[in-house]
Amino acid sequence: MEQTLSIIKPDGVKKNIIGEVIRRFEANGLTVKAMRMLHMSKEEAQGFYAVHKERPFYDSLTDFMCSSPVVVMVLQGENAISLNRTIMGATNFKEADEGTIRRDYATSVESNIVHGSDAPETAAWEIAYFFSALDIM
Ligand code: ATP
Ligand code: MG
């Protein structure tokens, strides 16, 4: 079965909706296979989002991601990568479908509560960024 990397971003942790976000994943067929809370350094956030380093929002995004703790998870399920992104909703919460996490909780394009891998190759890279094989159940 497919695995994907999920992050509950600083805004989601501050809003006290860790449980609600995980509830939605579990209710929609995803299973938590690894989970950890951490407070990234600026360098760790820059490394994670290196794919966006030429984008105008890179510095602000990496500041945001290291501003307070996040929850990182490996989620597993049938088509976990696209299923997770469906549950999250569009990057811009104003374009997100009703009933999605971002539609219900995001407050800006940047502060959009959750991250989810976008393809099998990025999922494998992102999972390995935070977890070793022994961490994944
Ligand atoms: P993520 O990678 O976090 O799951 P995504 O794949 O939907 O989100 P990306 O295009 O990969 O979106 O952008 C990564 C993150 O950068 C977004 O989730 C958002 O927090 C931030 N971001 C993207 N576009 C903008 C923008 N135009 N202005 C500010 N922040 C942005
Ligand atoms: Mg992305």
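Residues numbered from 1 in each chain as written. Chains lettered and ligands numbered in written order. Predicted model: local features only at pLDDT ≥ 70, side-chain atom pairs only at ≥ 80, totals over all residues. Heavy atoms only, no water.

Under an unreviewed UniProt entry, the name given to the protein is Nucleoside diphosphate kinase, and the source organism is Desulfoluna limicola. Under the UniProt heading Cofactor (unreviewed entry), the note attached to the protein is "Mg(2+)". We quote the UniProt Subcellular location (unreviewed entry) comment for the protein here in full: "Cytoplasm". (UniProt positions renumbered as here; feature names shortened; annotations may be inferred.)

Which residues make up unusual backbone geometry, and what values go with them?
Phi is positive for Asn16, which is not a glycine, with a value near 65°. Judged by relative accessible area, Asn16 falls into the exposed class, the value being 71%. Even without glycine at this site, Ile113 takes up a positive phi of about 70°. The residue Ile113 is located in the loop between helix 6 (101–105) and strand 4 (114–116) in this model. When its relative accessible area of 0% is taken as the criterion, Ile113 is described as buried. (Buried < 20%, exposed > 50% of the residue type's maximum accessible area, 1.4 Å probe, protein only. Helix = DSSP H or I, 4+ residues; strand = E, 2+ residues; numbered from the N terminus.)

Can you lay out the side chain of Ser68 for me, pointing to particular residues and giving the numbers?
Within the element layout of this structure, Ser68 appears in the loop between helix 4 (58–65) and strand 3 (70–77). With near-sequence residues (within four places) excluded, Ser68 lies in contact with Pro10, Lys14 and His39. (Contact = heavy atoms within 4.5 Å.)

Lay out helix 2 (residues 18–27) with the relevant residues and their values.
Residues of helix 2 that are buried: Val21, Ile22, Arg24 and Phe25. Along the long axis of helix 2, the arc covered by the buried residues comes to 155°, so they all point the same way. Tucked inside the fold, the buried residues of helix 2 contact strand 1 (2–8), strand 2 (31–38), strand 3, helix 5 (80–88), helix 6 and strand 4. (Arc of directions from axis to C-beta.)

If you had to explain the site of ligand 1 to someone new, which residues and values would you point to?
Taken together, the neighbourhood of ligand 1 is formed by 13 residues, with Lys9, Thr91, Glu110, Asn112 and Gly116 sitting nearest. The backbone of Glu110 places a nitrogen or oxygen atom 2.9 Å from an oxygen atom of ligand 1. Contact distances for ligand 1 include 2.9 Å between an oxygen atom and a backbone N or O atom of Gly116. Here ligand 1 has 580 Å² of accessible area as a free molecule, and 79% of this is covered by the chains. In terms of residue class, the shell around ligand 1 is made up of 4 nonpolar, 5 polar and 4 charged. (Near = heavy atom within 4 Å. Polar contact = N/O pair within 3.5 Å; in protein donor to acceptor, adjacent residues only side chain to side chain. Areas by Shrake-Rupley, 256 points an atom, 1.4 Å probe, with all protein chains shown as cover. Nonpolar A, V, L, I, M, F, W, Y, C, P; charged D, E, K, R; others polar.)

I'd love a proper account of the environment of Thr86, names of residues and values included.
You can see Thr86 is positioned in helix 5. The exposed category is assigned to Thr86, whose relative accessible area is 54%. Each C-alpha atom, one on Thr86 and one on Asp97, is 8.7 Å from the other, the two residues being 11 residues apart in sequence.

Mind laying out the UniProt feature "active site" (unreviewed entry) in the protein, listing which residues take part and the relevant values?
Taking the UniProt record as the reference, the feature "active site" (unreviewed entry) is found at His115. Along the polypeptide, His115 turns up in strand 4. Ignoring sequence-local partners within four residues, the contact set of His115 consists of Leu5, Ser6, Ile7, Lys9, Phe48, Tyr49, Asn84, Met88, Arg102 and Glu126.

How would you sum up the nonpolar core? Please name residues and give values.
Residues Leu5, Ile7, Met40, Met65, Val72, Phe130 and Phe131 are the most contacted members of the largest nonpolar core, which totals 19 residues. For this core, the element with the highest residue contribution is helix 4, accounting for 4 residues. Here Phe130 is in contact with Leu5, Ile7, Arg36, Leu38, Met40, Phe48 and Val72, once residues within four sequence places are set aside. The next biggest cluster of nonpolar side chains, apart from the first, holds 18 residues, and it includes Val71, Phe93, Ala106 and Val114. (Core = buried A, V, L, I, M, F, W, Y, C linked by side-chain atoms within 4.5 Å.)

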